[in-house]
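# Analysis of the macromolecular model
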Amino acid sequence: RTIFAPPPEPPPPPNRVLRVLIIGDPAADNPLPGAQKEAMLVRDLFEKFQRLVNQAQDKKVGRVEIVALLGPTEATRTRVMQELILKSYDVLHYAGHCMYDKQKPSTSGWIFTGSKRLSANELSRIDRIPKFVFSNACESGITPDRSEERSPELAPSFAETFFARGVQNFVCTAWPVNDQAALDFAARFYTGLLGLDGKDVEPMHVAMREARLTIYDKHYGIRTWGAYQHYGNPYFRLFR
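So, a few notes on the structure that sits alongside this text. (Residues numbered from 1 in each chain as written. Predicted model: local features only at pLDDT ≥ 70, side-chain atom pairs only at ≥ 80, totals over all residues. Heavy atoms only, no water.)

### Remarks on the overall build of the chain
Definition in use: Comment: elements are numbered from the N terminus, with helices defined as DSSP H or I runs of at least four residues and strands as E runs of at least two. Per-residue accessibility, obtained with a 1.4 Å probe over protein chains only, is compared with the maximum for each type, and a residue is labelled buried under 20%, exposed over 50%, and partly exposed between these values. Contact definition: two residues touch when any of their heavy atoms are within 4.5 Å.
If you tally the helices and strands in the chain, you get six helices and eight strands. Listing the helices and strands of the chain from first to last along the sequence gives β-α-β-α-α-β-β-β-β-α-β-α-α-β. Per-residue burial for the chain yields a buried fraction of 48% across its 240 residues. When contacts within the chain are restricted to residue pairs at least 6 apart in sequence, long-range pairs at least 24 apart make up 74% of them.

Okay, here's the thing in structure tokens:
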């Protein structure tokens, strides 16, 4: 618990509109095909939720508005900043590279084409910060088989910087993860948060636990399941 911890919030209204921004594989000079695949998966899960809401025709159920910027042509640093400044988002999912600055951690950030960086510091220019950020970002140049070269300070430093800008729930990875395990984790995580596939809408701590368990006993998930960390309220929900 830190000085940035927000006061408890009431549960979201049952008919809320959830606005989601998804960013995948934004660096043309440092491509991550797995990141774009993950971003597409996350988009498809939110779209599936919206289709179910439309079929139910229940005005008491929330709905989602999705903007997915996939690949370096769509996911430019300028476009992302425009989206965040001009629109109000509740959820931001980023899949790509990041850079950690040990000398000045607050300038660490996500990497776009041309090594352009978007740091949490720059979120101070945004009137309304997304309350939930999922940063599935690994340090550029560090792979799962070279994970000992990672910066152990990255995850908590990122979390603290985002919290200082108003983010209330932050999910990130503490070390490089396997691409397939990352896909499986994201699929189970958002399936729980959105109440898909016949599941109840889960609070954050349940969705995190079940997503970890999904990849825990897979041979490709043995070094990934524990990498995912949540900073924030364990009882946070996207919907009632």
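### Quick word on a nonpolar patch on the surface
Spelled out, the test is: Grouping into patches uses exposed residues only, defined as over 30% relative accessible area, and leaves out salt-bridged ones; the cut-off is 9 Å for like charges and 5 Å for nonpolar side chains (Val, Leu, Ile, Met, Phe, Trp, Tyr). Using a 1.4 Å probe, accessible areas were evaluated by the Shrake-Rupley method; residue-level cover was limited to the displayed protein chains. The working definition used for a salt bridge is a side-chain nitrogen of Lys or Arg within 4 Å of a carboxyl oxygen of Asp or Glu.
Taken together, the side chains of L213, Y216 and W225 present a nonpolar region at the surface, about 310 Å² in accessible area. Among the structural elements, W225 can be located in the loop between α6 (204-216) and β8 (228-231).

### A look at the side chain of D90
Using the following cut-off: Pairing of N or O atoms within 3.5 Å defines a polar contact, subject to two protein rules: one partner must be a possible hydrogen donor and the other a possible acceptor, and residues neighboring in sequence count only if both atoms are side-chain atoms.
Looking at the element boundaries, D90 is found in the loop between α3 (77-86) and β3 (91-99). Side-chain polar atoms of D90 contact the side chain of R128, separated by 3.2 Å. In this view, D90 contacts R16, V17, L18, R19, R128, P130, K131 and F132; residues no more than four positions away in its chain are not counted.

### Overview of unusual backbone geometry
Working note: non-glycine residues mostly have negative phi, and peptide bonds are mostly trans. Here D25, not a glycine, exhibits a phi torsion of approximately 55 degrees, which is positive. Along the chain, D25 falls in the loop between β1 (17-24) and α1 (33-56). The exposure class assigned to D25 is buried, which follows from its relative accessible area of 7%. The backbone of D197 sits at a positive phi, close to 55 degrees, despite the residue not being glycine. With respect to the helices and strands, the residue D197 is situated in the loop between α5 (179-194) and α6.

### Thoughts on the packing of aromatic side chains
What counts here: Aromatic rings from Phe, Tyr and Trp, with only the six-membered ring used for Trp, were paired whenever their centres fell within 6.5 Å, and each pair was classed as stacked if the ring planes differed by under 30 degrees, edge-to-face if by over 60, and tilted otherwise.
Under the defined criterion, the tally for this structure stands at 14 aromatic pairs. Ring geometry for Y94 against W110: centres 4.4 Å apart, planes inclined by 5 degrees, an arrangement best described as stacked. Residue Y94 is located in strand β3, and its partner W110 is located in strand β4 (residues 109-112); the two are separated by 16 residues in the primary sequence. Here the two residues Y94 and W110 agree in accessibility, since each one is buried.

### Some words on the nonpolar core
The condition is simple: We call a set of buried Ala, Val, Leu, Ile, Met, Phe, Trp, Tyr and Cys residues a nonpolar core when their side-chain atoms join them within 4.5 Å.
Within the largest apolar cluster, 35 residues are counted, with the highest numbers of intra-cluster contacts made by F46, F132, F189, Y190 and L238. Listed by contribution, the elements that provide at least two residues to this core are β1, α1, β2 (63-70), β6 (132-139), α5 and α6. No other element matches the eight residues that α5 contributes to this core. Ignoring sequence-local partners within four residues, the contact set of Y190 consists of V42, L45, F46, H93, F132 and F134. Counting 28 residues, the second largest nonpolar core, distinct from the first, contains I23, M81, L92 and Y94.

### Section: the pairing of strand β7 (residues 169-173)
For a regular strand, the rule is simple: side chains alternate between the two faces of the sheet. With five of its five residues buried, β7 lies for the most part within the structure. Neither face of β7 is left uncovered, since the one carrying N169, V171 and T173 and the one carrying F170 and C172 both have all their residues buried.

### Overview of α6
Using the following cut-off: Here, expected helix span is obtained from the residue count minus one, scaled by 1.5 Å.
Taking 1.5 Å of rise per residue, the 13 residues of α6 would be expected to cover 18 Å, and the 18 Å separating its terminal C-alpha atoms lies within 8% of that figure. What α6 keeps buried is the set M204, V206, A207, M208, A211 and I215.

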